[in-house]
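Observations on chain architecture
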Amino acid sequence: MDARIELSEFLKSRRARLSPEDVGLRAYGGRRRVAGLRREELAGLAGVSVAHYTRLEQGRADSVSAEVLAAIGRALRLDEDERTYLGQLARPDARTCPGTAVPPRPGLRHLVASFDATPAILVGRHTEVVAWNPVATALFGDFAAMPEGERSISDLIFRRPDMRDLHGDDWERTAVEHVAHLRVLSACYRGDRRLVAHIERLRAASPEFARMWSSHPVARTGHRFYRLHHPVVGDLELYGELVTLPGDLEYSGLDLFAAEPGSASEHALRRLADLGRARETASPSAVGPR
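Attention in this report is confined to the structure presented alongside it. (Residues numbered from 1 in each chain as written. Predicted model: local features only at pLDDT ≥ 70, side-chain atom pairs only at ≥ 80, totals over all residues. Heavy atoms only, no water.)

Observations regarding the overall build of the protein chain
What counts, and what does not: In DSSP terms, a helix is any run of H or I states spanning at least four residues, a strand is any run of E spanning at least two, and both are numbered starting from the N terminus. When checking whether two residues touch, look at their non-hydrogen atoms; a contact exists if any pair is within 4.5 Å. Here, Shrake-Rupley sampling with a 1.4 Å probe gives the accessible areas, and only protein chains in the shown set may cover a residue.
For the protein chain, the count of helices and strands is 13 helices and five strands. Across its three principal axes, the protein chain shows a C-alpha extent of roughly 70 × 40 × 35 Å. When contacts within the protein chain are restricted to residue pairs at least 6 apart in sequence, those whose partners lie at least 24 apart make up 61%. If you sum the accessible surface of the protein chain, you get close to 14,500 Å²; carbon and sulfur atoms cover 52% of it.

A closer look at the side chain of His 126
Secondary-structure assignment places His 126 in the loop between β1 (120-124) and β2 (129-132). If near-sequence neighbours (up to four positions away) are discounted, His 126 is found in contact with Ser 152, Asp 192, Arg 194, Leu 195 and His 198.

A look at the pairing of strand β5 (residues 251-258)
For a regular strand, the rule is simple: side chains alternate between the two faces of the sheet. The condition that has to hold: Whether a residue is buried, partly exposed or exposed follows from its accessible area with a 1.4 Å probe, protein chains only, as a fraction of its type maximum: under 20%, in between, or over 50%, in that order. A strand pair is defined by DSSP finding two or more bridges across the two strands.
Across the eight residues of β5, seven count as buried, placing the element largely inside the fold. Both β1 and β5 contribute to a ladder of five bridges, which runs antiparallel. Paired with Leu 122 across the two strands is Leu 254, which belongs to β5.

As for the nonpolar core
Where we set the bar: Throughout this description, the term nonpolar core refers to a set of buried Ala, Val, Leu, Ile, Met, Phe, Trp, Tyr and Cys residues connected via side-chain atoms within 4.5 Å.
In terms of nonpolar packing, the biggest core is built from 42 residues, with Phe 143, Phe 158 and Leu 236 touching the most fellow members. A per-element tally of this core places helix α10 (residues 171-188) first, with six residues. Excluding anything up to four places from it in sequence, Phe 158 contacts Trp 171, Ala 175, His 178, Val 179, Leu 202, Ser 206, Glu 208, Phe 209 and Met 212. Counting 28 residues, the second largest nonpolar core, distinct from the first, contains Val 23, Ala 61, Tyr 85 and Val 184.

Here's the deal with the packing of helix α5 (residues 80-90) against α10
The line we're drawing: Between the N-to-C directions of two axes lies an angle of 0 to 180 degrees, each axis being a line fitted to C-alpha atoms and, for a helix, fitted only over the stretch in contact. By definition, any crossing whose near helix is turned counterclockwise from its far helix by less than a right angle is left-handed, and any crossing with a clockwise turn is right-handed. When residue character is reported, Ala, Val, Leu, Ile, Met, Phe, Trp, Tyr, Cys and Pro are called nonpolar, Asp, Glu, Lys and Arg charged, and the others, Gly included, polar.
Between α5 and α10, whose axes approach to 9 Å, the crossing angle comes to 35 degrees. Note on packing geometry: the crossing formed by α5 with α10 is left-handed. Of the residues in α10, those touching α5 at Tyr 85, Gln 88 and Leu 89 are Arg 183, Val 184, Ser 186, Ala 187 and Cys 188. Here the residues of the contact of α5 with α10 sort into five nonpolar, two polar and one charged.

Quick notes on unusual backbone geometry
If you check the backbone angles, Arg 77 has positive phi at about 60 degrees while not being a glycine. With respect to the helices and strands, Arg 77 occurs in the loop between α4 (66-75) and α5. For His 216, which is not a glycine, the phi torsion comes out positive at approximately 60 degrees. Checked against the element boundaries, His 216 lands in the loop between α12 (207-214) and β3 (223-230).

Regarding the side chain of Ser 186
So the rule is basically this: Under the rule applied, a polar contact is a pair of N or O atoms within 3.5 Å (in protein, one hydrogen donor and one hydrogen acceptor; residues adjacent in sequence only if both atoms are side-chain atoms).
Relative to the helices and strands, Ser 186 is located in helix α10. According to the relative accessible area criterion, Ser 186 is buried, its value standing at 5%. Looking at Ser 186, its side chain comes within polar contact range of the main-chain oxygen of Arg 183, at 2.8 Å.

A look at the pattern of salt bridges
Formally: One speaks of a salt bridge when a side-chain nitrogen belonging to Lys or Arg is within 4 Å of a carboxyl oxygen belonging to Asp or Glu.
Counting across every chain of the model gives 23 salt bridges. Glu 6 is the salt-bridge partner of Arg 183, the closest N and O atoms lying 2.3 Å from each other. Linking Arg 183 in helix α10 with Glu 6 in helix α1 (residues 3-16), this pair joins segments that are 177 residues apart in sequence. Each member of the pair, Arg 183 together with Glu 6, is buried.

Some details on the packing of aromatic side chains
Convention followed: Any pair of Phe, Tyr and Trp rings, taking the six-membered ring for Trp, is counted once the centres come within 6.5 Å. Such a pair is stacked with planes under 30 degrees apart, edge-to-face with planes over 60 apart, and tilted for the rest. Sitting over a ring, as applied to charges here, requires NZ of Lys or CZ of Arg to be within 6 Å of the ring centre and within 35 degrees of the ring normal.
One pass over the full model with this rule turns up eight aromatic pairs. Their ring planes at 15 degrees and their centres at 5.9 Å tell us that Phe 209 and Trp 213 sit as a pair that is stacked. Taken as a pair, Phe 209 and Trp 213 lie in helix α12 at a separation of four residues, close to a single helical turn. Ring pairs connect the aromatic residues Phe 158, Trp 171, Phe 209 and Trp 213, which therefore count as one cluster. Cation over ring: Arg 125 sits above Tyr 189, and NZ or CZ is 4.1 Å from the ring centre.

A look at α1
Residues spaced three or four apart along an α-helix face the same direction, because each turn holds 3.6 residues. Put simply, the rule is: A helix is expected to span 1.5 Å for every residue after the first.
Here α1 contains 14 residues, and its C-alpha end-to-end distance of 20 Å stays within 8% of the 20 Å for a straight helix at 1.5 Å per residue. Every buried residue belonging to α1 is among Glu 6, Leu 7, Ser 8, Phe 10, Leu 11, Ser 13, Arg 14 and Arg 15, and all of these are buried. Packing partners of the buried residues in α1 comprise α2 (39-46), α3 (50-57), α4, α5, α10 and α12.

In short, the description is geometric, and any link to function would need to be established separately.
Listed below in structure tokens is the structure:
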């Protein structure tokens, strides 16, 4: 993925979603040749020259200042995640990107395994599932049986029909949220070849992923709410929390799922925990790679 192209396409996508009426401009008669605002309209709103904005939209961000980026972000009505994304595209940070996967240290593996009735997944920064506990296996599927190169949240969402069935009508929303988070990761770790390869593989393998990626959703994954239908325990309402690990930059975080205390969903999770423990007894790989 070329950083200049990504910057250009992102700015065009955000300019296209604004109409003159949205920003208090008068729309004159006649057919507009472009969707959304024209470049000169956007430049005027941001208080920069048309030439300056045009260079930026062409991906030429060499001399753009933080003040100009902030003004353009305000004119485009970007939210906080989108403003951060724009800044990372225009002024990429130099980050250390390991060429190979880093195995989780024992403390992290033990932490993941220690959750009893709480599905827990350690997620790498390429969305790969690095470690998991038995109840996560009972909820989402047998991670140990998945090919290592396809054991990722992206593959679960876009390449496994059982995950579509699990999410039901909420699948599209869940998929867009995941792509939006991948956009954040791609800007944060621009030099990471494994992340680039992961995204390109998904674009080639899944037309739906390619469609969503081309629409440039941008949002950091944090807390989510899921309505799931599990083939064994039935309906579940779960809160998802991605807990970041500041001292472990090779991981996106620890993904935890919980239900309302005393609810039917909590009882269903406990049933899944029992199923997961039974599977762990039969196969120690139920808690992830050693």
